[in-house]
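If you want the building blocks of each chain, they are given just below.
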Amino acid sequence: MTKGTTSFGKRHNKSHTACRRCGKISFHIQKSRCAACAYPAAKTRNYNWGAKAKGRRTTGTGRMRHMKTMSRRFKNGFREGTQAKKLTAS
């Protein structure tokens, strides 16, 4: 048996398919487990040795619809329903 061209011709079975949670083609069909995010486990898979991988899916990689306004609101003490005082020319 050769390990080159003839062996590559036998590769037509898919062991992984698209994951419902992360969208990567990392969901192992027979194991029913995602190699990238560990779905269906409740906690998302991440390791300290994969610092670059953590950075790809951490806070700040998406839209941050809520978090992007937090620093400004925190600076002002989370005030709501007030009107800015008018500056008088003096």
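Here, the structure is the one placed above.
Given the structure is predicted, the values throughout are model-derived calculations rather than measurements.

Draft legend 1. Fine view of the overall build of the chain. Broken down by element type, the chain carries three helices and three strands. Secondary structure of the chain in N-to-C order comes out as α-β-β-β-α-α. Reported as C-alpha extents along the three principal axes, the dimensions of the chain are approximately 90 × 30 × 25 Å. If you take every contact in the chain between residues at least 6 apart in sequence, the share linking residues at least 24 apart comes to 0%. Entry remark: accessible area of the chain is about 8,700 Å², with carbon and sulfur atoms responsible for 53%.

Draft legend 2. The arrangement of a positive patch on the surface in detail. Together, Lys 24, Lys 52, Arg 56 and Arg 57 give the surface a local cluster of positive charge. Summarising the element assignment, Arg 56 is placed in helix α2 (residues 51-57).

Draft legend 3. Local environment of the environment of Ala 42. Inspection of the secondary structure puts Ala 42 in the loop between β3 (33-34) and α2. Taking relative accessible area as the criterion, Ala 42 reaches 76% and is therefore assigned exposed. Put simply, Ala 42 and Arg 63 are 21 residues apart on the chain and 23 Å apart in space, counted from C-alpha to C-alpha.

Draft legend 4. Quick peek at the side chain of His 28. Relative to the assigned elements, His 28 resides in strand β2 (residues 27-28). With relative accessibility at 16%, the residue His 28 sits in the buried group. Among the polar contacts listed, one links the side chain of His 28 to the backbone nitrogen of Lys 31, at a separation of 3.1 Å. Leaving out residues up to four positions away in the same chain, His 28 has contacts with Ser 15, His 16 and Arg 33.

Draft legend 5. Layout of the sheet that holds strand β1 (residues 16-17). Pairing within the open sheet is antiparallel, and its three strands lie in the order β1-β2-β3. Looking at which strands have only one partner, the edges of the open sheet turn out to be β1 and β3. Pairing between β2 and β3: two bridges, direction antiparallel. If you follow Phe 27 over to β3, its bridge partner there is Cys 34.

Draft legend 6. Here's a closer look at the side chain of Ser 26. With respect to the helices and strands, Ser 26 occurs in the loop between β1 and β2. Residue classification places Ser 26 among the buried positions, given a relative accessible area of 14%. Residues in contact with Ser 26, not counting those within four places in the same chain, are His 16, Thr 17, Arg 33, Cys 34, Ala 35 and Ala 36.

Calculation criteria
Starting from 1, residues in each chain are numbered consecutively following that chain's sequence as written. Totals for whole chains, interfaces and linings use all residues, but because this is a predicted model, local features are given only for residues with pLDDT of at least 70 and pairs of side-chain atoms are given and counted only at 80 or more. The side-chain values count all of the structure's non-hydrogen atoms but skip hydrogen atoms and water molecules. Runs of E in the DSSP output that reach at least two residues are strands. Runs of H or I that reach at least four are helices, and both are numbered from the N terminus. Note on contacts: a residue pair qualifies if any of its non-hydrogen atoms lie within 4.5 Å across the two residues. What sets the accessible areas is the Shrake-Rupley method with a 1.4 Å probe; for residues, cover comes only from the shown protein chains. Only residues whose relative accessible area exceeds 30% and that form no salt bridge are eligible for patches; like-charged ones are grouped when within 9 Å, while nonpolar side chains (Val, Leu, Ile, Met, Phe, Trp, Tyr) are grouped when within 5 Å. Any carboxyl oxygen of Asp or Glu that lies within 4 Å of a side-chain nitrogen of Lys or Arg is treated as forming a salt bridge with it. Positive charges are assigned to Lys and Arg, negative charges to Asp and Glu, while His and the chain termini are left out of the count. Charged groups are reduced to one reference atom each: NZ for lysine, CZ for arginine, CG for aspartic acid, CD for glutamic acid. Relative accessibility thresholds used throughout: buried, under 20% of the residue-type maximum; exposed, over 50%; partly exposed, between the two (1.4 Å probe, protein chains only). Under the rule applied, a polar contact is a pair of N or O atoms within 3.5 Å (in protein, one hydrogen donor and one hydrogen acceptor; residues adjacent in sequence only if both atoms are side-chain atoms). By this definition, two strands are paired if DSSP reports at least two bridges between them.

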